[in-house]
Amino acid sequence: MFSRWWKFGRDRFTDVDLFSDGSESAAETLSQAIRAAASQEPDADGSVLFGQLRGTVVGLRYYTGVVNRGEMVGLVREPHNPYDKNAVMVTNVLGRQVGHIRKELAAAMAHVMDNSLAKVEGVVYSGTNNSFSMPVTLSFLGSEENRDAVVKHMASRGFRLDADGGGAAGTRSPLGDLVFCTLTSGVTIPLTAEELKNAFDNLFEDLMESKDGEKEAAESVATPLLPHQKQALSWMCARENKDALPPFWEKRGDLYYNSLTCFSAKEIPERVRGGILADDMGLGKTLTTIALILTNFHKGKPLPVERCVSCHVESPPHFIQSKGGRDRRSRRGAGGRKVRTNLQSGHFSSNYVYPAPAKRSTNPLSANPAKVQAPLNLLTATRAVDEEICNTVCTEGLVLLEDLGFAAALSCTMSETKPKKKKAAEKCKLKQKSTDDLSAKATLIVCPLSVLSNWLDQFEQHLRSDVKPNVYLYYGSERNRSKTFLSSQDVVITTYNVLSSDFGNTSPLHGINWLRVVLDEGHVIRNPNAQMSKAALKLKAQRRWILSAGTPIQNSVKDLWMLLAFLRLKPFDVREWWNRVIQRPVIQGDRAGLQNLQTLVKCITLRRTKNSEVNGRRLVSLPKKTVYVEQVELSAQEREEYELARNEGRRTIGRYVAEGSVLKNYADVLAILMRLRQYCCHPDLIGKIAADLAPHHHAASADTPAELRQRLVEKMRLVLASGSDEECSVCLDSIRMPVITHCAHVYCRPCIAQVISSEQKARCPLCRSEIKTSELVEFPPEEMEDEKSVESDRWRTSSKVQALMGNLLRLRSEDVGLKCLVVSQFTRFLTVLQTPLREHGFSFVRLDGTMSQKKRTQIIQEFQSSAADSPRVMLLSLKAGGVGLNLTAASRVFLMDPAWNPATEEQCIDRCHRLGQERNVVVTKFIVKDSVEENMVKIQKKKQDLVEKAFGSASTDRKTSRIDDIRALLEV
DNA sequence: ACCGCCGGGTGCC
DNA sequence: ACCGCCGGGTGCC
C-alpha cells in the first residue's frame, strides 16, 4: 500500500472538497484558464535542464486541491494577484489550486517565467508533516542560450540551481527516475534516432486490440459485416460502454491513481468513450461506424428507428399534453426562441409545429397551448429542458411523451412502446439519478467535403430499406440552424469547413450535447492552431471517435496531442502534461516515455492494414493491382516546341537562381514548369494565360489597379493549377474559395478573413506584409474559362492523346463492359480529351473540382451504375475528390500526367482499388520520354526514399524544398 | 505552526 | 523599561 497522505487532516476540508458546488465551479473556471494558458505552451523541443531547486508551496489550507507524494504539479503565474504581482500559483493535475510558491522564490521565478527564459516544472517528491506548506522540487528547462541568464538571476536572489535536484536525490520516487533519467546522468541509454524512428513507425502497426470478440450489427444494418468489421464493432461498443479506466489509471483502495503523474482522486477520472479507428482505406470504416451508430445507442441497446411498411419520410409526431408545460418551457433560453423565429420566417415545413414561449401574447402559437406537437425528441435540446419537461409530465400524469431513456430500453419496433407507458413515467424519476446522460441522442459526423456524399450513400446502401433514421446534412447556406432540430436527429453530417465557419459565431453545433461525435479523416485536425481543430475541440459529446485512413500522425509525436486532446484523454488534454510526461521524454529518447506512449496509443486505437490477418486469413482480399508506365514519344513538331520552351525556361530560372530571387518569383517559376508539363500533354493546354505572363513581369512594377488585379488573378490561377498540391497555410487543408493577397499569397477566403479580423493590423502569415480584406483578390465571376478555345473545330491531337485513345479502343474491342478512369491534373486536358472520346462513341462523364456536391453525387452514381448504357469512361481531375470517393466500377486507370506528390496518385488509384472492386486493376501512367515528366518521376522516387530514411526532419519548408525540386527538374 | 513573527503586558527573587 | 522575558494571537499570495 502506498503511503497516502492528505494535506488536510481535518474532515471539514475534505467535505468542502467533495461537496461544495461553489468550489467546484471555481475550479472549473480555473482549470479552463489553465487550459487556455497551456494551449499556448510551446513544444519546447530543444529544451535542456538548467537545474533544479527545492522550494516551498505555502497557503495549502486555503485551497482544495490535493497532491500525492511524487505527483507533478503545475505552476501558473498570477500577474494580477492583488497581494503580489509576482505570485506563482501551484495546481494539481486536474487544475485545482493547491497553493502558492513562497513569495521570495516566486519573486525570483516571476522574472524567469514572464520573460520565457525557462519553463519551470514542479514535482512534489516528499510529503509534509503539516497542513500549511510542503516542499516542491522545481526544474528549470529552456534553451541553452538562456541558461546563464536564468542561473544568474536565480543566484542573485539567493537561489542556487542544482544539477541533482537540490538535494532531492535521496528521496526521489520512481517517477523522478522516469521523467528525469535522460535529463540527469545517463542512467539508461537513450534511444538512438534510428530506434526512435522505428518505434514511431510501428506505433500504429497492427493494433488489433480486440482479438477476443466479434459483434453482430443491429438488424437494421442490411450489409453483413466481415469478420474484421465485427471485431471493430465489438471493440467500439466496448470502448463506448465499458467503464474501463483510461490508460495509467488504476484503483487503489478508495482512490483512483494515475501512475504517470501520480495524481490520485476520489472521483473516478472521466473515461474516454471512443478512440481512434485507423484501419487502412477500404477496410470499411464507414460501414463499421454506421453499424456502431445503429447498434450501440443508450445502454448498449440498438438505435430505435422507424420501421414502416409503405416506407417514407418523417417519424410520426409524438404528443405532449401539458397545461403547465408551456410556462416551464417559456423559461427556455435562446434555443426555444430561435425555433420560433425560424418558424415565423417560414424555414420549417409545416409538418412540425414547435412549442413556443408563452409570455408574448402576440405569439400565434400560444393561443392553443394545450396541444403541442413535436417530432421525436424535439424537446431535448438540453438536458435541463428535457428533465423539466419530464418532471412536468410525470407529476401531472399526462404521459404521452416518448422519453429517450425509455426509447433506449426498447427494441426497435415502435408498436411495442404503447403498452409500457407507466414504465416511462418510472423511468423519468430514475433518470435523474442515473449517471449517464440520456438526453443526448444525435451523432455528429464531421468529414471533408469530398466524402460527404459517400456517407449519405453508405447510409442508404447499408441499411435495410424499411429503416429510416433521421439523417440530416448540415451543409449549404439553407441549412437548418435550429439546435432543437439538430439535436433531435439521429445523425447530422457536416464538413470541417462548416464546423469552423460556424465556430465563433453562434454555432448551433457547439450548443448541442451530442451522443457521439465522429471525425472522419480525423488527422486533418492535427494542427492545434488551425481554426477547425479548435472548433472540433469545443464540441460537446459523450463519445468521441476519430476515423483515420492509416496512421493518423505524419511526422512526429507532436501530431498525436491534438487527437488525444479531442478524445479528452485525461490528463493529456492539457498540453503541459502531455509535454512533460510523453512528448519531451520521447523526443529525448527516453525508453520509458516511449513505452508509455505505446501503451497510450494501444489503449485507444484499433488499426488493421490491408495485409493484417485474422486467424491466418487476410482481412480483405483485394484483386491484384498492376501499374505500368507507358512511355510516350513526342512527334517531331511537338519536340521542337518543347525544346524551345525548355531552353527559355532554363535561362529564366537560371537567372533567378543566380540572383537568389527564386522564392520571390515562385509563381513565375511554377508557370514555366507548368508550361513544359502542359506541352507534354497537349499544346492547346498552354492558353493565352501562360503566354501572357512573361517571366520578367513583377508585381512590384507600377500599373493600374485593374492590371494589378488581373495579374494577381493569373498568379493565383497558376499557383492553384500547378498541381503542386497547394495548401492554405492557415488551415493546412486544400484551398477552398481561394483569394490572393497583394503580396501574392493564396489562402482560403474564410481562413484569411479570420486572420485579418482577429488582429488590429493584420499581416500575411507567410511574408508578414500588411494585408487588408479590401485588398483580397478572388476569381472574377465570369471565370469559367473560355473552354471554347479548345473545342472541336480547331481541335488537334497530341502524342499523349493518341496513346490514350489507342489503349481505350483496344480495351473496348476486348471487353465492352470495361470502365476506365482517365485522370489528369489539368481540367483543360480533360476538356481536350472529350473531343476524341465523343468522336469514337465513348459514353463518358466528367468529375472535377468545380462541380457542386449535388452534381458530383449524381455523376458518381451514374458512373457506378451497372446499366448497359452507363458511362464507360470517367474524366477525373486528380484533385477533385481527395480520399474517400468510391469508383469501384472502374478497373482501369490512366494517369495522364505525373503529380508532384506520389501519394496523390496512390489515393486516386485507391478510389477504384478498394473494397468492392471485383476485377484486377490495371494502372497505366503516361510519361513523355526525355521530358520534365521523367525528371518528376525521378524526384518522386528520391522523395520517397528520403521520407523513408529521415524521421522528424520532414519539417523543412515546403516551398524551399520544392524549389530544390524545380532546380533539379530543369537541371540548373 | 510541536514553528517564527508581532505586539502588549510586565518587570528582583 | 530607550531593555529582556513571558505568553497569546496569529499565519499564502
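Cut-off values and rules
- Residues numbered from 1 in each chain as written.
- Chains lettered and ligands numbered in written order.
- Predicted model: local features only at pLDDT ≥ 70, side-chain atom pairs only at ≥ 80, totals over all residues.
- Heavy atoms only, no water.
- UniProt positions renumbered as here; feature names shortened; annotations may be inferred.
- Helix = DSSP H or I, 4+ residues; strand = E, 2+ residues; numbered from the N terminus.
- Contact = heavy atoms within 4.5 Å.
- Phe/Tyr/Trp six-rings, centres within 6.5 Å; stacked < 30°, edge-to-face > 60°.
- Buried < 20%, exposed > 50% of the residue type's maximum accessible area, 1.4 Å probe, protein only.
- Lys NZ or Arg CZ within 6 Å of the ring centre and 35° of its normal.
- Pairing = 2+ DSSP bridges.
- Axes fitted to C-alpha atoms, helices over the stretch in contact; angles between N-to-C directions.
- Near = heavy atom within 4 Å.
- Polar contact = N/O pair within 3.5 Å; in protein donor to acceptor, adjacent residues only side chain to side chain.
- Nonpolar A, V, L, I, M, F, W, Y, C, P; charged D, E, K, R; others polar.
- Parallel < 35°, antiparallel > 145°, perpendicular 65-115°, else oblique.
- Left-handed = near helix turned anticlockwise from the far one by under 90°.
- Expected span 1.5 Å × (residues − 1).
- Arc of directions from axis to C-beta.
- Salt bridge = Lys/Arg side-chain N within 4 Å of Asp/Glu carboxyl O.

Under an unreviewed UniProt entry, the name given to chain A is Helicase like transcription factor, and the organism recorded is Poecilia formosa. Check the Subcellular location (unreviewed entry) section of the UniProt entry for chain A; it says "Nucleus".

Visitor: Help me out: how do you make sense of the environment of Val90 in this one?
Guide: Examined against the element boundaries, Val90 turns out to sit in strand 3 (residues 88–91). On a C-alpha basis, the gap between Val90 and Val136 in space is 9.9 Å, while along the polypeptide they are 46 residues apart. Look past the residues within four positions of Val90 in its chain and what remains in contact with it is Val57, Val73, Gly74, Leu75, Arg96, Gln97, Val98, Gly99, His100 and Ile101.

Visitor: Even after reading the chapter, I still don't get unusual backbone geometry, so can you show me in this structure?
Guide: Note: most residues except glycine have negative phi, and most peptide bonds are trans. Cis geometry marks the peptide bond from Lys570 to Pro571, where omega comes out at -5 degrees. With respect to the helices and strands, the residue Pro571 is situated in the loop between helix 19 (558–567) and helix 20 (575–587). The residue Glu521 is not glycine, and still its phi comes out positive at about 50 degrees. With respect to the helices and strands, the residue Glu521 is situated in the loop between strand 16 (513–519) and helix 18 (531–537). Unusually for a residue other than glycine, Arg568 sits at a positive phi of about 60 degrees.

Visitor: Explain the packing of aromatic side chains to me, please; I cannot follow it from the model alone.
Guide: Geometrically, a pair of aromatic rings is defined through the distance of the ring centres and the angle of the planes. The full count for this structure, using the stated rule, is 7 aromatic pairs. A ring pair is formed by Trp249 and Phe263, whose centres lie 6.3 Å apart and whose planes are at 80 degrees; its orientation type is edge-to-face. On the criterion of sequence distance, the pair formed by Trp249 in strand 7 (residues 249–252) and Phe263 in the loop between strand 8 (255–258) and strand 9 (264–265) is long-range, its members being 14 residues apart. Among the residues examined, Trp249 registers a relative accessible area of 9% and is labelled buried. Overall, Phe263 belongs to the buried group, its relative accessible area being 3%. The ring of Phe842 is capped by Arg812, whose NZ or CZ atom sits 4.1 Å from the centre of that ring.

Visitor: In this structure, what is going on with the sheet that holds strand 25 (residues 820–824)? I would like to understand it.
Guide: Think of a sheet as strands paired side by side through backbone hydrogen bonds, with each pair either parallel or antiparallel. With respect to topology, 6 strands assemble into an open sheet ordered 21-29-28-25-27-26, the strand pairing being parallel. This sheet does not close on itself; its edge strands, each paired only once, are strand 21 (625–632) and strand 26 (844–847). Strand-to-strand twist of the sheet, defined as the mean angle between neighbouring strand axes without regard to direction, takes the value 20 degrees. Of the pairings in the sheet, the one linking strand 26 to strand 27 (residues 873–877) comprises 4 bridges and is parallel in character.

Visitor: How do you make sense of the protein's contact with DNA strand C when you look at a structure like this?
Guide: Among the 13 residues in the neighbourhood of DNA strand C, the closest are listed as Arg61, Tyr62, Tyr63, Asp84 and His100. If you look at DNA strand C and keep only atoms within 4 Å of the protein, 49% of those are sugar or phosphate atoms. Within the side chain of Tyr63, a nitrogen or oxygen atom sits 2.9 Å from a base nitrogen of DNA strand C. In the model, a phosphate oxygen of DNA strand C is placed 3.0 Å from a nitrogen or oxygen of the Lys103 main chain. A per-class count over the surface near DNA strand C returns 6 nonpolar, 3 polar and 4 charged.

Visitor: Where do I start with the packing of helix 7 (residues 227–241) against helix 8 (residues 285–295) in this structure?
Guide: A packed helix pair is summarised by two numbers, namely the angle formed by the two axes and the spacing between the axes. It is the contact of helix 7 with helix 8, at a shortest axis distance of 9 Å, that shows an interaxial angle of 45 degrees. Between helix 7 and helix 8, the crossing angle belongs to the class labelled oblique. The handedness of the crossing between helix 7 and helix 8 is right-handed. Contacts from Gln229, Ala232, Leu233, Met236, Cys237 and Glu240 in helix 7 reach Leu287, Thr288, Thr289, Ala291, Leu292 and Thr295 in helix 8. Within the contact of helix 7 with helix 8, the residues separate by chemical class into 7 nonpolar, 4 polar and 1 charged.

Visitor: Whenever I open this one, the side chain of Asn807 confuses me. Can you help?
Guide: Mapping Asn807 onto the fold places it in helix 27 (residues 799–814). Looking at Asn807, its side chain comes within polar contact range of the side chain of Arg810, at 2.9 Å. Excluding its chain neighbours within four sequence positions, the residues that come into contact with Asn807 are Glu630, Phe894 and Phe926.

Visitor: What should I look at first to understand the packing of helix 19 against helix 21 (residues 591–604) in this one?
Guide: Contact geometry for helix 19 and helix 21: axes closest at 12 Å, N-to-C directions at 50 degrees. Taken as axis vectors, helix 19 and helix 21 run oblique relative to one another. In the packing of helix 19 onto helix 21, the handedness of the crossing is left-handed. Only Leu597, Leu600, Val601 and Ile604 of helix 21 make contact with helix 19, whose side of the interface consists of Leu560, Leu564 and Leu567. For the contact of helix 19 with helix 21, the residue count by class is 7 nonpolar, no polar and no charged.

Visitor: Just to check I follow, could you spell out the side chain of Ser487 for this structure?
Guide: Residue placement: Ser487 occurs in helix 15 (residues 483–487). Reaching out from Ser487, the side chain makes a polar contact with the backbone oxygen of Lys483 at a distance of 2.8 Å.

Visitor: I keep staring at helix 27 and nothing clicks. Help me out?
Guide: For an α-helix, 3.6 residues make a turn, and residues three or four places apart therefore share a direction. Taking 1.5 Å of rise per residue, 16 residues should cover 22 Å, and helix 27 covers 23 Å from first to last C-alpha, within 8% of that figure. Every buried residue of helix 27 is listed here: Ser799, Lys800, Val801, Ala803, Leu804, Met805, Asn807, Leu808 and Leu811.

Visitor: Is there a simple way to explain helix 4 (residues 147–156) in this structure?
Guide: Where helix 4 is concerned, the buried positions are Val150, His153 and Met154. The arc enclosing the buried residues of helix 4, seen along the axis, measures out at 95 degrees, which places them on a common side. Facing away from the buried side of helix 4, by more than 90 degrees, are the exposed residues Lys152 and Ser156. Looking at the packing, one finds that the buried side of helix 4 touches strand 1 (48–58), helix 3 (103–114) and strand 6 (133–142). Positive phi shows up at Gly158, right after helix 4, with a value of about 90 degrees.

Visitor: For this particular structure, what's the right way to read the sheet that holds strand 22 (residues 738–740)?
Guide: Strand order in the open sheet formed by 3 strands is 23-22-24, and the pairing between neighbours is antiparallel. The sheet terminates laterally at strand 23 (746–748) and strand 24 (777–778), the two strands that pair on one side only. Here strand 22 pairs with strand 24 via 2 bridges, running antiparallel. Directly across from Ile740, in strand 24, lies its bridge partner Val777. Here helix 26 (residues 749–758) sits on the sheet and contacts strand 22, strand 23 and strand 24; the angle it forms with strand 23, its principal contact strand, is near 95 degrees.

Visitor: How do you make sense of the pattern of salt bridges when you look at a structure like this?
Guide: It is possible for side chains bearing opposite charge to pair when their charged atoms get close. Taken as a whole, this structure holds 33 salt bridges when the rule is applied. Ionic pairing is found between Glu104 and Lys103, a salt bridge with its closest N-O pair at 3.8 Å. Residues Asp466 and Arg464 are paired through a salt bridge, measuring 3.1 Å at the closest nitrogen-oxygen approach. A relative accessible area of 31% places Arg464 in the partly exposed class. Linked through salt bridges whose partners overlap, the residues forming this network are Lys119, Glu121, Glu576, Arg580 and Arg584.

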